[in-house]
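Single-letter residue listing:
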Amino acid sequence: MKLIVAHYHLRPGGIRRVIELATPHIVRAFDGNIDSVKLACGEANDREWNSDFRKALQGVSVEFLIDPALKYFSGQKRSPGQVAGRIRAALGKILDGASADGCLVWAHNLGIGRNLLLTRELTRACAERNIPLIAHHHDWWFDNRWARWREMRRCGFRTLQAVAETIFPPYPNLCHIAINRADAGTLRRHFRGSADWLPNLTEPAPAPTHARARAARKWLDAQLGERGAPVWILPCRLLRRKNIAEALLLTRWLRPA
């Protein structure tokens, strides 16, 4: 069986980290039935990461398929029609020889709106071949990302309905999964049996040494001007769905001023 992983790019951090952590688990979950993995994206990856990824999937063939048409639409220089044509050609190569019972496509962030032409063509190509497609949603274009709206209109998606129909087409081979429980609940109501929740994996880190922990505590006390104050660390970007506001409210509830 063949696993195809699709994303706009494989830049450090973010979804690349999800892919490198989760892919070995997916391969093991299929109990040796996945013999090849293809990573399809719009930008070339660094060689060191490629090498580490191959090592993590020992015994499984790994292929990197790069085509600029798959990257963000904002980075395209061709017209929407030309980009769509190139995407179709790229997908023809990526899905070459793929069959309904011998292939699984795992696509990341199709709902972020960074290249709706890719979203449309990938969902359509998989539907035509009846290939199972998992749309893994990490974020949505309408959550503090309305800068994408003008871009999507330039691609020919001029109404909210057109965008929604592109991200959520009525294809029976398509399954939506979200990293956010609230999103997953909404998806389940509208796509019964074809939606679920799958959080991002994390890698356990070794506990810090006592000396390092003491040094960190000392630095924090100096920054806060208070000894032994509780500290919450929330590594994220300033987007609504990263739950920053909820985290701040929680800190105030746990330790009122």
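Quick caveat, the model's predicted, so the values are computed rather than measured. (Residues numbered from 1 in each chain as written. Predicted model: local features only at pLDDT ≥ 70, side-chain atom pairs only at ≥ 80, totals over all residues. Heavy atoms only, no water.)

Topic: the overall build of the protein chain
Cut-off, in case you're wondering: Only DSSP runs of H or I with at least four residues qualify as helices, and only runs of E with at least two residues qualify as strands; both kinds are numbered from the N terminus onward. The classification of residues rests on relative accessible area computed with a 1.4 Å probe and restricted to protein chains. Under 20% of the type maximum is buried, over 50% is exposed, and intermediate values are partly exposed. Here, residues are in contact when the closest pair of their heavy atoms is within 4.5 Å. With residues, only the protein chains shown are counted as cover, and all accessible areas are computed by Shrake-Rupley using a 1.4 Å probe. None of His or the chain ends enter the tally, which takes Lys and Arg as positive and Asp and Glu as negative. One atom stands in for each charge, and that atom is NZ of Lys, CZ of Arg, CG of Asp or CD of Glu.
Regarding its fold elements, the protein chain presents nine helices and seven strands. Taking the principal axes of its C-alpha atoms as reference, the protein chain extends roughly 60 × 45 × 40 Å. In the protein chain, buried positions account for 42% of the 257 residues. At a minimum sequence separation of 6, the contacts of the protein chain that also span at least 24 residues come to 70%. In the form shown here, the protein chain has an accessible surface area of approximately 15,000 Å², with 54% of it arising from carbon and sulfur atoms. If you average the places of the 40 positive and of the 23 negative side-chain charges in the protein chain, the two averages end up 6 Å apart.

Here's the deal with the sheet that holds strand β5 (residues 133–137)
Cut-off, in case you're wondering: The rule for pairing is simple: two strands pair if DSSP sees at least two bridges between them. For helices, the fitted axis covers only the stretch in contact; all axes are lines through C-alpha atoms, and the angles between them, taken along N-to-C directions, range from 0 to 180 degrees.
Reading across the sheet, the seven strands line up as β3-β2-β1-β4-β5-β6-β7 and stay open at both edges, with parallel pairing between neighbours. Two strands lie at the open edges of the sheet, namely β3 (61–66) and β7 (195–197), each paired on one side alone. The mean inter-strand angle of the sheet, taken between neighbouring strand axes irrespective of direction, is 20°. Relative to β7, strand β6 (residues 174–178) runs parallel, the two being bridged by three bridges. Along β7, the bridge assignment pairs I177 with D196.

Description of the packing of helix α4 (residues 116–129) against helix α6 (residues 160–167)
To keep it simple, the criterion reads: In what follows, roughly perpendicular refers to angles from 65 to 115 degrees, roughly parallel to angles under 35, roughly antiparallel to angles over 145, and oblique to any angle outside these ranges. Polar here means any residue outside two lists: the nonpolar Ala, Val, Leu, Ile, Met, Phe, Trp, Tyr, Cys and Pro, and the charged Asp, Glu, Lys and Arg; Gly therefore counts as polar.
Axis separation between α4 and α6 bottoms out at 9 Å; the angle between their running directions is 45°. What the angle tells us is that α4 and α6 run oblique. Packed against α4, whose contacting residues are L116, T119, R120 and T123, the element α6 presents V163, T166 and I167 at the interface. Split by residue class, the contact of α4 with α6 holds three nonpolar, three polar and one charged.

A closer look at the nonpolar core
In summary, soluble globular proteins display a tendency toward joint burial of nonpolar side chains. What counts is decided by this rule: By nonpolar core we mean a set of buried residues, namely Ala, Val, Leu, Ile, Met, Phe, Trp, Tyr and Cys, connected to one another through side-chain atoms within 4.5 Å.
I87, L95, V105, L117 and L122 are the most contacted members of the largest nonpolar core, which totals 43 residues. Residue assignment for this core shows that the elements contributing at least two residues are β1 (2–6), α3 (80–94), β4 (103–108), α4, β5, α6, β6 and α7 (181–190). The residues contacting I87, other than those within four sequence positions of it, are A69, L70, N115, L117, L118 and E121.

Observations regarding the side chain of E121
As for its placement among the helices and strands, E121 is situated in helix α4. With relative accessibility at 3%, the residue E121 sits in the buried group.

So, the state of the cysteines
A disulfide bridge is the covalent bond that connects two cysteines by way of their sulfur atoms. Stated precisely, the cut-off is as follows: Disulfide: a pair of cysteine sulfur atoms within 2.5 Å of each other.
Across all of its chains, the model carries zero disulfides by this definition. Sulfur of C41: no disulfide; nearest cysteine sulfur belongs to C126 and is 16 Å away. Residue classification places C41 among the buried residues on the basis of a relative accessible area of 1%. Between C175, a free cysteine, and C126, which holds the nearest cysteine sulfur, the sulfur-to-sulfur gap is 13 Å. What makes C175 partly exposed here is its relative accessible area of 24%.

Fair warning: the whole summary comes from geometry, so function is off the table for now.
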